[in-house]
Amino acid sequence: MKDILENASSLIRSHEDDIRQNIDKKCSKVSFYKKSVFKKDSAIVAMARDDKQRFILVISEREDGIISEFEGEQIGDAAIARKCPLSEHNAKVLRKHFPWTAPISLRDRKTTVGCGDRLGLATAGHIAAASKYQVTPVLAQQSMRELELTGRTYRNVVDDATFMVFQAGYKDGYGADGDHLKTIPDIDIALAAGMPMITLDLSEVMNAAAGDWSQDEVDAEFEKLDAATQKRIEEDYFGKSFSVGADVIEMDAPTARRCAVMYLGALDFALEVHDHLVSKRGDKFDLEISIDETTSPTLPSHHLFIVKELRLRNVEFTSLAPRFIGEFQKAVDYIGDVEEFDRQFRVHADIAKAFGDYKVSIHSGSDKFMVYPAIGEMTGMRLHLKTAGTSWLEAVRVIAENEPVLYRVMHKCALDNFQEMLKLYHITADINKIPDVDQMADEDLGSLVEMNEARQLLHVTYGPILNDKAIRPLFFDAMHKFEKQYMEKLKGHFDKHLSLLGVPVKA
Ligand SMILES: [Zn+2]
């Protein structure tokens, strides 16, 4: 780093493009992410890496100004330079001086893709893929369950995205999603971390069980609603039919009563959350309504009822996640009848077009290659595709291909914890089909990440693997070493997702 400092003054006075070209010419131990080299107030701010870690390097002609705002260790003495850790404080400084490193509301973006990053390392790959397409990535996205299992906070998740957005010099805007939140206190944690998108999971406040009740039970519960509400539901829905695209959705009285019993309480809560978001963020938020965590698929009539009731309450929502027919299991392709999926999905897409123009959101959306073309076409690309663990699996692939000893240890940790993790994730993999890793040649280990049973095993056991004290440091060291490879794999993987969906490439 000494060589850079010797030439610091002339470097700082050069044009930004020249600084990018010349900054690490004579430097062997540190390399710079070229797109992150910025000139700001007679200082250079850049993301760099050595063989241990990434950090921000600030070189300045003056002691005051931007350099004084970053925390870090002073290096050299000729120039004023600071090596700054990727800390909460420094993320905040970056967002202040480079506002495009902060997440924004994406309510005006047509096609968005959620890129859950459980490691804080995947954003560079997500950006590399998304940059090519007319899509906006939600780079920071985690559920409470993921935070608990990885030991991170919403603050960490947003900060990690900030650092990599800066690293990539990515200025097109990105989202941050507090995923599957169920209570206002949890929503507040995501909001405090600057997340503009909230995915409101209504599964616990709705009466999903009433979906299976007898009509007598439904009617008895409906009678308990206040008289004015009963009257309004009757007037608005009983015996009405609604044209949706080429279809007509008939709403008979029994269906309307069932919908009222199942959803009205949850929709009142959605209004409460909406008003809370308005009070905290004005109109700079994206509210996603999620009803996908239920056992039975969302019927078109129910989807319609929910949307009409949200509109009646003036709940501005950006996207809605129904539960679709078939299975959207983690890490594997769609399971079910593709033609039936297409038939039903078209109605959901048409409801979204006809009653509010919101994005249809597809949860557990990674790797569902069989149904992507239909999803893209039927929504006219007005959609949100949510992915999470698939980026973790690409990291596992990097380890399997490069660090066979470490991979075997991770694989065994996954097997040891699989039963426990089944309490949290619904998957149907028969893990007995997975070959014994001790009997496999090193060069074959990477192929496991192509095998559905192994994919699901590794997908759901990220928590125990990452929390294993012996594995954790070795894993992150290896990921640092193979950073470029991870980025390339993610780029290819998301390229496959986006091209099959039919997202147009950028002009
Ligand atoms: Zn979901």
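Our structure's up above, just so we're on the same page.
I will try to describe carefully the structure that is included in this document.

Calculation criteria
- Residues numbered from 1 in each chain as written.
- Predicted model: local features only at pLDDT ≥ 70, side-chain atom pairs only at ≥ 80, totals over all residues.
- Heavy atoms only, no water.
- 1 Å grid on protein atoms, 1.4 Å probe; cavity = no way out; pocket = protein on both sides within 12 Å on 5 of 7 lines; lining within 4 Å.
- Points joined across faces, edges and corners; volume = space filled by probe spheres on them.
- Nonpolar A, V, L, I, M, F, W, Y, C, P; charged D, E, K, R; others polar.
- Domains from an automatic or database assignment.
- Helix = DSSP H or I, 4+ residues; strand = E, 2+ residues; numbered from the N terminus.
- Donors = N, O, S within 2.8 Å, 3.2 Å for Na, K, Ca; no water.
- Buried < 20%, exposed > 50% of the residue type's maximum accessible area, 1.4 Å probe, protein only.
- Axes fitted to C-alpha atoms, helices over the stretch in contact; angles between N-to-C directions.
- Parallel < 35°, antiparallel > 145°, perpendicular 65-115°, else oblique.
- Left-handed = near helix turned anticlockwise from the far one by under 90°.
- Contact = heavy atoms within 4.5 Å.
- Pairing = 2+ DSSP bridges.

Here the focus is empty space enclosed by the protein. Summed over the entire model, instances satisfying the criterion amount to two cavities of 30 Å³ or more. Of the volumes computed, that of the largest cavity is approximately 60 Å³. What lines the largest cavity is simply L106, T112, V138, M197, D286, T318, S319, K359 and H384. Residues of the lining of the largest cavity, tallied by class, amount to three nonpolar, four polar and two charged. Per-domain counts for the lining of the largest cavity show at least three residues from each of domain 2 (98-181 + 388-507) and domain 3 (202-362 + 370-380). Taken together, L121, A124, M164, Q167, E483, Y486 and M487 form the lining of the second largest cavity. Residue assignment for the lining of the second largest cavity shows that the elements contributing at least two residues are α7 (154-168) and α20 (483-501). Element by element, the count of residues in the lining of the second largest cavity is highest for α20, at three residues. Each residue belonging to the lining of the second largest cavity can be placed in one class, and the counts come to five nonpolar, one polar and one charged.

This paragraph deals with the coordination of the zinc ion. Around the zinc ion, the protein contributes the donor atoms H180 (NE2), D292 (OD) and H363 (ND1), at 2.1 Å from the metal centre. Each donor residue of the zinc ion belongs to the same chain, and together they define the spacing H-x111-D-x70-H. Of the two residues, D292 is situated in the loop between β13 (286-290) and α12 (300-312) and H363 in the loop between β15 (359-362) and α14 (372-379); the sequence distance between them amounts to 71 residues. Residue classification places D292 among the buried positions, given a relative accessible area of 11%. The buried category is assigned to H363, whose relative accessible area is 7%.

Where α12 meets helix α13 (residues 338-354), the closest approach of the two axes is 10 Å, and the angle between their N-to-C directions is 15°. The orientation of α12 with respect to α13, classified from their angle, is roughly parallel. By crossing handedness, the relation of α12 to α13 is classed as right-handed. Side by side, α12 and α13 meet where P300, H303 and L304 of the first sit next to V347, H348 and I351 of the second. When grouped by side-chain class, the residues that make up the contact of α12 with α13 number four nonpolar, two polar and no charged.

Across a sheet, paired strands are connected by hydrogen bonds in the backbone, their directions being either parallel or antiparallel. Strands sit in the order β7-β8-β9-β10-β13-β14-β15-β16 around a closed barrel of eight strands; the barrel is parallel. Averaged over neighbouring strand pairs, the angle between their axes works out to 25° when direction is ignored.

Counting buried residues along β13, five of its five residues qualify, which places the element largely inside the surrounding structure. Judged by which residues are buried, β13 turns out to be covered on both faces: D286, E288 and S290 on one side and L287 and I289 on the other are all buried. In this structure, strand β10 (residues 197-201) lies alongside β13, joined through five bridges in parallel fashion. Bridging from a neighbouring strand, L200 pairs with I289 of β13.

The next thing to look at is the side chain of R397. With respect to the helices and strands, R397 occurs in helix α15 (residues 389-402). R397 has contacts with V449, E450, R455 and K489, leaving out every residue within four places of it along the chain.

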